[in-house]
Amino acid sequence: MKLLFIAAVANNNVIGKDNKLLWHMPADLKHFKELTMEHTILMGRKTFESIGKPLPGRKTIVITQQENYDAKGCKVVNNLKDAICEVKNEKEVFVAGGSEIYRQLINLHHTRRMFITRIYADFEGDSFFPDIDTQKWELIDREAFEADEKNPYPYAFLTYKKKK
Ligand SMILES: NC(=O)c1ccc[n+]([C@@H]2O[C@H](COP(=O)([O-])OP(=O)(O)OC[C@H]3O[C@@H](n4cnc5c(N)ncnc54)[C@H](OP(=O)(O)O)[C@@H]3O)[C@@H](O)[C@H]2O)c1
C-alpha cells in the first residue's frame, strides 16, 4: 500500500486559513479530481469539515479523536494506525491533508509520492505544508502554467518521489 500526498501549496507553504482554501483555482480542482477519482482519500476532521461532504466517486476516511463523530457517507477512524489498517489492502491511497495530517504522515515509509500544485503567490494563512526535504524527495515531473482568465495565479503540477 502506498500513500500519495496531494496538496495545493503557495510559495510560502501556506495551504489554508480559518479552515478554508485561500484561492480559487479550477485547474487545480480538476487535477485533484482526475488523480483521486475512484481512490480512497484520507483526511483530517478539519479538512473534512471545510469540504463539508464526502467527495463523489471516492471513499473518504476521516481521522478524528472524537469517538462518535458523525461524517455521513465517510468511514471515521480515531487514530492513524486504524487509518492505515483500514486501507492496508489498497494499492494507492491519497492523503488530502490538512497540515496536521501531512506533518504526521510525511515520513512514514508508506508515503511514496507527493502531487503538489505549487501556486506561485504568497498568502497569509494559518495552515502550512511541511518543508519538502530534497535529500529525501526527488522532483520527477513539473508541468507549469501561466495565470489565465479562470486561474488567477501562475501554477505548476509537481510530482515528487521518495528517494530510496
Ligand atoms: N491547499 C490544500 O491542498 C489543502 C488541503 C487540505 C487542507 N487544507 C487546509 O488545511 C487546513 C486544515 O488543516 P489542519 O491542520 O488545521 O487540520 P486537519 O489536519 O485537516 O485536521 C486536524 C484534525 O484531525 C484530527 N487528527 C489529527 N491527527 C490525528 C490523529 N493522529 N489521531 C486522530 N485524529 C487526528 C483531529 O480531529 P479532532 O479535533 O476532531 O480530534 C484534528 O483536530 C484548512 O485551512 C484547509 O483548508 C488545504
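Everything in this summary refers to the structure shown in the same document. Note that the structure is a prediction, hence the values are computed from the model and not measured. (Residues numbered from 1 in each chain as written. Predicted model: local features only at pLDDT ≥ 70, side-chain atom pairs only at ≥ 80, totals over all residues. Heavy atoms only, no water.)

1. Some details on the sheet that holds strand 3 (residues 40-44)
Working step 1: Strand order in the open sheet made by the 8 strands is 5-4-3-6-1-7-10-9, with mixed pairing throughout. Pairing within the sheet leaves two strands with one partner each, and these edge strands are strand 5 (75-77) and strand 9 (137-145). Looking at each pair of strands side by side, their axes are set apart by 20 degrees on average, direction ignored.
Working step 2: Judged from the 8 bridges that link them, strand 9 and strand 10 (residues 155-162) form a sheet pairing that is antiparallel. Within strand 10, the position partnered with Glu-138 by the bridge is Lys-161. (Pairing = 2+ DSSP bridges. Helix = DSSP H or I, 4+ residues; strand = E, 2+ residues; numbered from the N terminus. Axes fitted to C-alpha atoms, helices over the stretch in contact; angles between N-to-C directions.)

2. Describing the site of the ligand
Working step 1: Taken together, 29 residues lie near the ligand, and Ala-8, Arg-45, Thr-47, Thr-64 and Gln-66 sit nearest.
Working step 2: Contact between the ligand and Ala-8: a nitrogen atom at 2.7 Å from a main-chain N or O atom of the residue.
Working step 3: At a separation of 2.8 Å, an oxygen atom of the ligand approaches a polar backbone atom of Gln-65.
Working step 4: Protein chains bury 88% of the 930 Å² of accessible surface belonging to the ligand in isolation.
Working step 5: The set of elements that each furnish at least two residues to the shell around the ligand consists of strand 1 (2-10), strand 2 (14-16), helix 2 (45-51) and helix 4 (99-105).
Working step 6: Here the shell around the ligand takes 5 residues from helix 4, the largest share from any one element. (Near = heavy atom within 4 Å. Polar contact = N/O pair within 3.5 Å; in protein donor to acceptor, adjacent residues only side chain to side chain. Areas by Shrake-Rupley, 256 points an atom, 1.4 Å probe, with all protein chains shown as cover.)

3. Considerations on the nonpolar core
Working step 1: Membership of the largest hydrophobic core comes to 26 residues, with the highest contact counts inside it found for Phe-5, Leu-42, Val-95, Met-114, Ile-116 and Phe-129.
Working step 2: Breaking this core down by element, the ones donating at least two residues are strand 1, strand 4 (59-63), helix 3 (80-86), strand 6 (92-95), helix 4, strand 7 (111-119) and strand 10.
Working step 3: Broken down by element, the residue count for this core peaks at 4 residues, all from strand 1.
Working step 4: Contacts of Ile-116, omitting those with residues within four sequence positions, involve Ala-7, Val-9, Phe-129, Ile-132, Ala-156, Phe-157, Leu-158 and Tyr-160.
Working step 5: If you look at the next biggest cluster of nonpolar residues, it comprises 13 residues, including Leu-4, Ile-41, Tyr-69 and Phe-94. (Core = buried A, V, L, I, M, F, W, Y, C linked by side-chain atoms within 4.5 Å. Buried < 20%, exposed > 50% of the residue type's maximum accessible area, 1.4 Å probe, protein only. Contact = heavy atoms within 4.5 Å.)

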